[in-house]
Amino acid sequence: MRRAVALSALTCALALTAAAPTTAPAARTAHPDRPASTAHPASASASLLDTIPRRGVLRVCTTGDYRPFTHRDPASGAYRGVDVSMARDLARSLDAKPKYVPTTWAKLIDDLAAGRCDIAMGGVSITLPRARKAAFSEPVRRDGKTPIVRCADQDKYRTLDEIDHPGVTVIVNPGGTNEQFARSVIKRATIKPHPDNTTIFDEIIAGRADVMMTDASETRYQSTIHPELCAVHPDRPFTFSEKAYAVPRADFPFKAYVDQWVHLAKHDGTYKKYEDAWMAK
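Residues numbered from 1 in each chain as written. Predicted model: local features only at pLDDT ≥ 70, side-chain atom pairs only at ≥ 80, totals over all residues. Heavy atoms only, no water.

A. Spotlight on the environment of Gly 56. Mapping Gly 56 onto the fold places it in the loop between α2 (48-55) and β1 (57-62). Looking at Gly 56, the relative accessible area reads 24%, which means it is partly exposed. Contact partners of Gly 56, with chain neighbours within four places excluded, come to Asp 95, Ala 96 and Lys 97. (Helix = DSSP H or I, 4+ residues; strand = E, 2+ residues; numbered from the N terminus. Buried < 20%, exposed > 50% of the residue type's maximum accessible area, 1.4 Å probe, protein only. Contact = heavy atoms within 4.5 Å.)

Written out as structure tokens, the structure is:
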């Protein structure tokens, strides 16, 4: 009896299946006061995490003028630096090759936001204005603004009060956080913009400027290659900042990948290896 009932139920189910329409039901008409789709905008476009391996190229916005992080050789056009090496490793992890996209400090984040590159690297400090246009990876190092001066003057310009005097010339590279900081604290000294960040330290050596306030990491590096210059209390900078890599603001999968890659590079010795190689020069 049970077998007969089961067979009868199965026969009814098959009949209902056969009678069902073979085409998908028509899409629901959207309510005139509601959007047609509530899907997250990111779902409409592929993440760079997928497109970079398919393209085979990681486009890296970098200024090429900020040693030890990024330096473009004017003769060969080749890029070198701590973050240039890191960019090469990131590209390799994505089955791609790095392509360096020249930019300036004033245009760096706008170039990234406009899609001219996939990531911005090269000693980029995290700031709130930049964070409005881009997302930042896990920081790679801590930093802050501190003076670099001729060694004969290292006891003369230790505080902001000592620097901010009439007759003192503070030199800045335009468009970045160095200029922003100098203009926020210097009221009486002369601020002198210098467009070439690769020769700016020669201006101090030649006596055409007295002080530059830049990241402690840069003052340490420049003092190793210019014995005439001394970094002033780089272990106690005037400000706190962190350096990281900037990525498109809404590409959450790519940011998560870069975060994990940075985390591993910081803890397996990769980042330190590249940094030590430059700081030892």
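B. Fine view of the sheet that holds strand β2 (residues 65-66). Taken together, 3 strands build an open sheet; the order of strands is β2-β3-β4 and the sheet is antiparallel. With one partner strand each, in any of the chains shown, β2 and β4 (79-80) form the two edges of the open sheet. Across 2 bridges, strand β3 (residues 70-72) lies against β4 in antiparallel orientation. When the bridges of β4 are listed, Arg 72 appears paired with Tyr 79. (Pairing = 2+ DSSP bridges.)

C. Spotlight on the state of the cysteines. Tallied over the entire structure, the rule returns 2 disulfides. Disulfide pairing places Cys 61 opposite Cys 117 at an S-S distance of 2.1 Å. When the S-S torsion is -105°, as for the bridge of Cys 61 with Cys 117, the disulfide is left-handed. Taken together, the residues Cys 61 in strand β1 and Cys 117 in the loop between α4 (108-113) and β6 (119-120) connect sequence positions 56 residues apart. When its relative accessible area of 0% is taken as the criterion, Cys 61 is described as buried. Two residues share a disulfide in this structure: Cys 151 and Cys 230, whose sulfurs sit 2.1 Å from each other. Looking down the S-S bond of the Cys 151 and Cys 230 bridge, the torsion is 95°, so its handedness is right-handed. Highlighted residues: Cys 151 in the loop between β9 (145-150) and α6 (160-163) and Cys 230 in strand β13 (residues 229-231), separated in sequence by 79 residues. (Disulfide = S-S within 2.5 Å.)

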